Amino acid sequence: RSWFHALVRPWFRPLIEGKEIWYLQGIRRSGNHACIDWLINARLGDVVESEQLSHYLFYRYTEDLIFINSYAQESAVVIFWHVLLNRRALKKASILVVSLEDESSELDHFLNLRELANFHIGITRLLPNVFSSRIKKMQTERLKNEGGIGRNFEIDERVASLFFEARRAPMVWHYDSWLTDATWRKEFLRRLYLEVDLIPSITSQGGGSSFGAGDSN
């Protein structure tokens, strides 16, 4: 695996040279897409609908902003192929947002841009709430044919360690504070040199979310 990333990285890095990079990490059901969509709204100054590109993890919000979601969710070969397919859109964009879910930011991956990021944000929420959300989602998925994607939401020591790793990021976004406290949102945006506070609509990513209902992806 490491050799593949070592080979790809010299080709990939010039493609993102000079870009503004946002790197976000958190465990699933922490409010990842609420956070990302909110920050993208703030960065663009408006609510902008995303356009899926060649793969369900690749999105364009404007010609200036590309988002690669949960980049370790698929094999590195698949992700590289779709980076290759979208290289023109990627090269044209001035802002690249990448997110990592249920993996350590120490992961050896050509899309691990943590050290190059202008902003590195850990996404978190209250521990009982995020674990309850994962359990609920896991149970729902297991009712589906072949268990759906229930395994994606299992809880073990590794997931618990990743929960606390996200809380050690240079900046930490708290779902519960974000949801209820406009002053907190304003201060968080100020630290990112942003001002526009536009709450996103409920996402369908990760099986959907419900702001305020104790269950968010």
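Refer to the preceding data block for the structure.
This text gives an overview of the structure that appears in the document. (Residues numbered from 1 in each chain as written. Predicted model: local features only at pLDDT ≥ 70, side-chain atom pairs only at ≥ 80, totals over all residues. Heavy atoms only, no water.)

### Overview of the pairing of strand β1 (residues 20-26)
Along β1, 7 of the 7 residues are buried, which leaves the element largely enclosed by surrounding structure. Of the two faces of β1, the one lined by Glu20, Trp22, Leu24 and Gly26 and the one lined by Ile21, Tyr23 and Gln25 are each fully buried. Sheet topology note: the β1/strand β5 (residues 95-101) ladder contains 7 bridges and is parallel. In the strand pairing of β5, Gln25 is matched with Leu100. (Buried < 20%, exposed > 50% of the residue type's maximum accessible area, 1.4 Å probe, protein only. Helix = DSSP H or I, 4+ residues; strand = E, 2+ residues; numbered from the N terminus. Pairing = 2+ DSSP bridges.)

### A word on helix α8 (residues 182-191)
Inspection of α8 places Trp184, Arg185, Phe188 and Leu189 among the buried residues, and these make up the whole buried set. When α8 is viewed along its axis, its buried side chains cluster within an angular range of 130 degrees and face the same direction. In α8, the exposed positions that point more than 90 degrees away from the buried face belong to Thr183, Lys186 and Arg190. Packing partners of the buried residues in α8 comprise α2 (32-44), β6 (119-124), β7 (171-174) and α7 (175-180). Near the N-terminus of α8, the side chain that reaches the backbone nitrogen of Thr183, with its oxygen 3.0 Å away, is that of Asp181. Just downstream of α8 lies Tyr193, where phi reads positive at about 65 degrees. (Arc of directions from axis to C-beta. Contact = heavy atoms within 4.5 Å. Polar contact = N/O pair within 3.5 Å; in protein donor to acceptor, adjacent residues only side chain to side chain.)

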